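Now for the letters of each chain:
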Amino acid sequence: MKAARQERLPQLDIYRALAIMGVLHVHSTSFAAGEQALNSPYYYWLNWINIFFKFGTPSFIFLSSFVLFYNYYRRPVTRSLIGNFYRRRLKYILLPYLLASLGYYALTLYVNGELTQQPLENLSSFTGALFSGSAYAHLYFVFISIQFYLLFPLLLKLLQSSNFWVKWVFPLGLVLQWGFILWNKYELHIVEKGSLSISYLAYYMMGAYIAVHFDEIKPWLTKPWKGLGAIHKRLTVLLFTAWLAAAFIHVQLWYEARHFGRWTDSLWYELLWNVHTMLSALVLLYAAFLISRKASRGLVTVLTRMGELSFAIYLIHPLLLAVYRKLPHSISPDSFTYVVFIYGGLLVAVTGSWVIVQFIFRRFQKAWIMFGSVPRSLAPQTKTMPGYLAGTGQTESGMNEKHGI
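Residues numbered from 1 in each chain as written. Predicted model: local features only at pLDDT ≥ 70, side-chain atom pairs only at ≥ 80, totals over all residues. Heavy atoms only, no water.

Would you explain helix α14 (residues 310-325) in this entry?
Count 3.6 residues to each turn of an α-helix, and residues three or four apart come out pointing the same way. Here α14 spans 22 Å end to end across 16 residues, near enough to the 22 Å set by a 1.5 Å rise per residue. Taking the largest bend as the criterion, α14 deviates by roughly 40°, centred on Ile316, and proline Pro318 comes between one and four positions later. Counting buried positions along α14 yields 12 of 16 residues, so the element is predominantly enclosed. (Helix = DSSP H or I, 4+ residues; strand = E, 2+ residues; numbered from the N terminus. Expected span 1.5 Å × (residues − 1). Bend = angle between axes of the 7 residues up to and from the residue. Buried < 20%, exposed > 50% of the residue type's maximum accessible area, 1.4 Å probe, protein only.)

Can you walk me through the packing of helix α4 (residues 56-72) against helix α12 (residues 266-294) in this structure?
Relative placement of two packed helices is described by the angle separating their axes and the distance separating the axes. α12 packs onto α4 with a crossing angle of 60° between their chain directions and a minimal axis gap of 9 Å. The orientation of α4 with respect to α12, classified from their angle, is oblique. Judged by the twist between their axes, the crossing of α4 over α12 is right-handed. Residue-level inspection shows Pro58, Ser59 and Phe62 of α4 in contact with α12, the latter providing Trp273, Thr277, Ser280, Ala281, Leu284 and Leu285. Grouping the amino acids of the contact of α4 with α12 by side-chain chemistry returns 6 nonpolar, 3 polar and no charged. (Axes fitted to C-alpha atoms, helices over the stretch in contact; angles between N-to-C directions. Parallel < 35°, antiparallel > 145°, perpendicular 65-115°, else oblique. Left-handed = near helix turned anticlockwise from the far one by under 90°. Contact = heavy atoms within 4.5 Å. Nonpolar A, V, L, I, M, F, W, Y, C, P; charged D, E, K, R; others polar.)

What is the right way to look at the packing of aromatic side chains in this model?
To describe a pair of aromatic rings, you give the distance between the ring centres and the angle between the ring planes. A full pass over the atoms with the stated rule returns 42 aromatic pairs. Summarising the aromatic geometry, the rings of Tyr105 and Phe126 are spaced 5.5 Å apart at their centres and angled 55° between planes, so their arrangement reads as tilted. On the criterion of sequence distance, the pair formed by Tyr105 in helix α5 (residues 79-111) and Phe126 in helix α6 (residues 119-130) is long-range, its members being 21 residues apart. Pairing Tyr255 with Phe260 gives two aromatic rings, centres 5.6 Å apart and planes at 90°, and the pair type is edge-to-face. Taking the relative accessible area as the measure of exposure, Phe260 reaches 42% and is therefore partly exposed. (Phe/Tyr/Trp six-rings, centres within 6.5 Å; stacked < 30°, edge-to-face > 60°.)

Looking at this structure, how should I read the pattern of salt bridges?
A side chain with one charge can pair with a side chain of the opposite charge if their charged atoms come near. Within this structure, the stated rule accounts for 6 salt bridges. The partner of Arg305 in a salt bridge is Glu308, with the nearest N and O atoms 3.3 Å apart. In this pair, Arg305 and Glu308 both sit in helix α13 (residues 297-308), 3 residues apart, roughly one turn of the helix. Summarising the burial analysis for this pair, Arg305 and Glu308 share the class buried. (Salt bridge = Lys/Arg side-chain N within 4 Å of Asp/Glu carboxyl O.)

Explain the nonpolar core here, please?
Inside soluble globular proteins, nonpolar side chains tend to come together where they are buried. With 109 residues, the main nonpolar core has Phe66, Phe69 and Phe148 as its most contacted residues. Core analysis: the next-biggest nonpolar cluster, separate from the first, contains 9 residues, Tyr43, Tyr255, Tyr338 and Ile342 among them. (Core = buried A, V, L, I, M, F, W, Y, C linked by side-chain atoms within 4.5 Å.)

What exactly am I supposed to notice about the environment of His329 here?
Here His329 is to be found in the loop between α14 and α15 (336-363). On the basis of relative accessibility, which here comes to 40%, the residue His329 falls in the partly exposed class. The spatial distance from the C-alpha of His329 to the C-alpha of His138 is 26 Å, given a sequence separation of 191 residues.

Explain the side chain of Asn184 to me, please; I cannot follow it from the model alone.
Tracing the chain through its elements places Asn184 in helix α8 (residues 163-188). A relative accessible area of 6% places Asn184 in the buried class. Dropping the residues within four chain positions of it, Asn184 is found in contact with His189, Ile190 and Lys193.

What follows is the structure in structure tokens.
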């Protein structure tokens, strides 16, 4: 197997931008949809945003797998390759995760007046939180990504060994994921199962399958509508129809449960979330290539930059949301002003995080310690930056390789 450097796909940064906007919509409406505005006349809309945009994190999970298999599948698995792979994850993923976990955990203790109380107990509790992805609510995603990185070399070698495994990797991932879901529901009863990568195994395996077959799938993404064959057109219409149907049923099921207390079997919520978000990952992939072809240059530039900064934005935005929500106000959830206030949080999370992380990347050469690899567009062209080849903007292991966020 010959080593090959894959063509860079700039559309993936647009994909990241769409996915991070999904994450930010969910987080900015979490309190309103979960408890604060249950009786608001605007609750349907708030719940709709909160559930419809739940595709963010699963889409990043799909993308993480796609990017890794796209870059590594046609490269021989050597000790050097594996060593470089883990060194990069240690520097650009694990280190920022450790610092973010420590910062958020310490801040939580400070706000609760517990920072200087029982230091040994706090240290023990932090260690447990670090190894469960629970130091702060959003860090579970980085934690499950780390779990996948540990498994990746084995999965890569398995897929390289036989086309049989490539053919069946997605169905197998789906079976294992749902096997765990059912096992957990009836026997294990793990409350924080969302912090375990097996809960998302089908997304990882779908990303792997599409990456391996990307040369066959690429024409569907890059050709204009008129250039697509009849079968591709029908499948595209079917994809978007199924996606919208699953999304709206998912939204309605949660609206009935939250607003009216009409809860049903948990497996229905699991199934609809799974279908909705899995189809979303494919829709976002199609949309990213479509936007790259059809949108104005300005919009593409903005989305590309947002995608490049998405990991850093992901890490820092809960802090800005927490500060924003602490602002004194007496806005009733029954008023339209409350909806504006919620959207204000979204605006603060997007623009505030963007400004802060871009400033830090531009001003501090060691910013990668906190926020991961330096975006290509912010890396100086005259000298080598961490994780980049001088003057090219390419990562050491391929221009596409980047954490899912």
